[in-house]
Each structure stands twice: as C-alpha cells, then as structure tokens.
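Listed here are the chains, written in short residue letters.
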Amino acid sequence: MGLVALLVIMLFGAFSNLEPPKYIALRDLSTAKNLHVEIKHNPSGVHYLNPMLMEVSSKAAEDLYILVNPGDIFEPSDPSMQNLIVTRADTFKLPAGGSISKPIAGMCIEPHDAGGMNGIHYSFLKSATDQLKQLSEYIAKKNYQSSAAQQSVWALVEKKKFLDIYSNDTSELMNLNRTMEKIAGIKSRTPEEIRRQNQNYY
C-alpha cells in the first residue's frame, strides 16, 4: 500500500470518529438534561433591544450550540408584564462543563402591559405564526432592532389601519412601511395626512 493511500485511510478514520455538533433551540433548553437555565429580564436592555438575558451552565461532557429563532414568544413570570418575541437569529456555543450569559434580541407584543424588571424570568410560550412570524423574521433579516420596528410590531398586534412610525433612518422607514403593507395591508400615511390628523385631534 502506498504512503499516500495509507495517509488517506488514517485521516478518514480520524474524522469518522468525530461526533457531529449538537444543537438545541433556546425554546427547548428548559427540558434539556445536564443544564441549568435562566432566561430573565436584561437590566441593560429595553423592550425593543435585548430585553432578555440567557444564562446557561452545563454539566455535559460535550459542547452544545444554542439556536435562537426569530418568532419564538416568551412569557414573563408576572402575567401583568409584556410577552416578548425574538427578533434576531443567533447561535451561541456552550462549552462542555462551562457557562455563558448572552442577551436575547426581542420586542414587546403587548403594548399596554408593563415592561420587564429585575426578578422577572421568562419561559417559552409558543412560536408565532402567519403575519407576526413574517414580521419578526424580516426584522431579524434586516437587523432592525429599533423603536421603529417595535412600533411596527405594535401596529400589527393591534390590527391598526394605518402605520405611523418614525425613524431617522429613511431606508429603514421605507422598508418597514412597504413590508407592513405587504404582510398585513397596513398602509403608511403621508406627512400631510399625519399633520391633518394632529390638527383634528388637538
């Protein structure tokens, strides 16, 4: 047997013994063995920017990769506070026997409930469907972790007829307006229409 063939066989044998990486979704962490998991209020975040903090420690003998999926909805331990929907896809490596602490991007889907606070924990409720899922995935794709994107989420869950959002980023504003009309038929108003509405209101 030639030297090259022998090296190929040795390399193949070495790589064939490697186990594939193990993945688990954030929503499934609470049922996983050998893990201690806390998903709680992030004191450094706001309701539209990293509102949750994931802290996980592992007793497992192998590395684990945690998948964060846009569209997953988490509920707080206090029902008077806001449910949150994930708005950014992430993959976090949890080393064997190690621990990590990572912020989770998300937005509020209950505009009339209170925001999170210290001592509040979150658990997976359900995955969004239809329009809310489409919007969360679009926000994740464009990475619009902003108040304008939050306003769009509120307009959708409240089934508003018109979309009144504000942003210094004209590209973001235009894209959100187009997407909301495409997803839910919620149209934006011209500055003149908004001015007339304010005049009538006051």
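Thresholds applied
Residues numbered from 1 in each chain as written. Predicted model: local features only at pLDDT ≥ 70, side-chain atom pairs only at ≥ 80, totals over all residues. Heavy atoms only, no water. Helix = DSSP H or I, 4+ residues; strand = E, 2+ residues; numbered from the N terminus. Buried < 20%, exposed > 50% of the residue type's maximum accessible area, 1.4 Å probe, protein only. Core = buried A, V, L, I, M, F, W, Y, C linked by side-chain atoms within 4.5 Å. Phe/Tyr/Trp six-rings, centres within 6.5 Å; stacked < 30°, edge-to-face > 60°. Pairing = 2+ DSSP bridges. Axes fitted to C-alpha atoms, helices over the stretch in contact; angles between N-to-C directions. Parallel < 35°, antiparallel > 145°, perpendicular 65-115°, else oblique. Contact = heavy atoms within 4.5 Å. Nonpolar A, V, L, I, M, F, W, Y, C, P; charged D, E, K, R; others polar. Salt bridge = Lys/Arg side-chain N within 4 Å of Asp/Glu carboxyl O.

Relative to the helices and strands, K141 is located in helix α2 (residues 130–142). For K141, a relative accessible area of 72% gives the class exposed. Sequence spacing of K141 and T87 is 54 residues, and the spatial spacing of their C-alpha atoms is 8.8 Å.

Moving on, we come to the nonpolar core. By size, the foremost hydrophobic cluster in this structure holds 22 residues, and its most contacted members are L26, L29, M52, M54, V56, I66 and I104. Only β2 (35–41), β3 (52–58), β4 (64–68), β6 (84–86), β7 (90–94) and β8 (99–104) provide two or more residues apiece to this core. By size, the runner-up hydrophobic cluster in this structure holds 21 residues, among which are M107, L132, A149 and I186.

Take the packing of aromatic side chains next. Using the criterion set out here, one finds three aromatic pairs in the structure. Here Y23 and Y65 contribute two aromatic rings whose centre-to-centre distance is 5.4 Å and whose plane-to-plane angle is 35°, an arrangement assigned as tilted. One end of the pair, Y23, is in strand β1 (residues 23–25); the other, Y65, is in strand β4, and 42 residues separate them in sequence. Taking relative accessible area as the criterion, Y65 reaches 23% and is therefore assigned partly exposed.

Hydrogen bonding along the main chain pairs the strands of a sheet, whether they run parallel or antiparallel. Strand order across the open sheet formed by three strands is β1-β4-β7, with mixed pairing between neighbours. At either end of the open sheet lies a strand with only one pairing partner, and these are β1 and β7. In this sheet, neighbouring strand axes are inclined to one another by 30° on average, regardless of whether the strands run parallel or antiparallel. As paired strands, β1 and β4 are joined by three bridges and run parallel to one another. By the bridge assignment, A25 is partnered in β4 with L67.

All right, on to the packing of α2 against helix α3 (residues 147–157) then. Where α2 meets α3, the axes come as close as 10 Å, and the angle between the chain directions of the two elements is 175°. By the angle between their directions, the pair α2 and α3 is classed as roughly antiparallel. Seen from α2, the contacting residues are Q131, L132, L135 and I139; seen from α3, they are A149, S152, V153, L156 and V157. Considered class by class, the residues forming the contact of α2 with α3 number seven nonpolar, two polar and no charged.

Turning to the pattern of salt bridges, a few remarks are in order. Enumeration over the complete set of coordinates arrives at seven salt bridges. R27 is the salt-bridge partner of D72, the closest N and O atoms lying 2.8 Å from each other. Taken as a pair, D72 in strand β5 (residues 72–76) and R27 in the loop between β1 and β2 lie far apart in primary sequence, 45 residues in all. We classify R27 as partly exposed; its relative accessible area is 29%. Between D90 and R88 there is a salt bridge whose closest N-O contact spans 3.0 Å.

Taken together, four strands build an open sheet; the order of strands is β9-β6-β5-β10 and the sheet is antiparallel. Both outer strands of the open sheet, β9 (106–108) and β10 (122–127), are each paired with one neighbouring strand and no more. Averaged over all adjacent pairs, the angle separating strand axes in this sheet is 30°, with direction ignored. Both β6 and β9 contribute to a ladder of three bridges, which runs antiparallel. Bridge assignment links V86 to a residue of β9, and that residue is G106.

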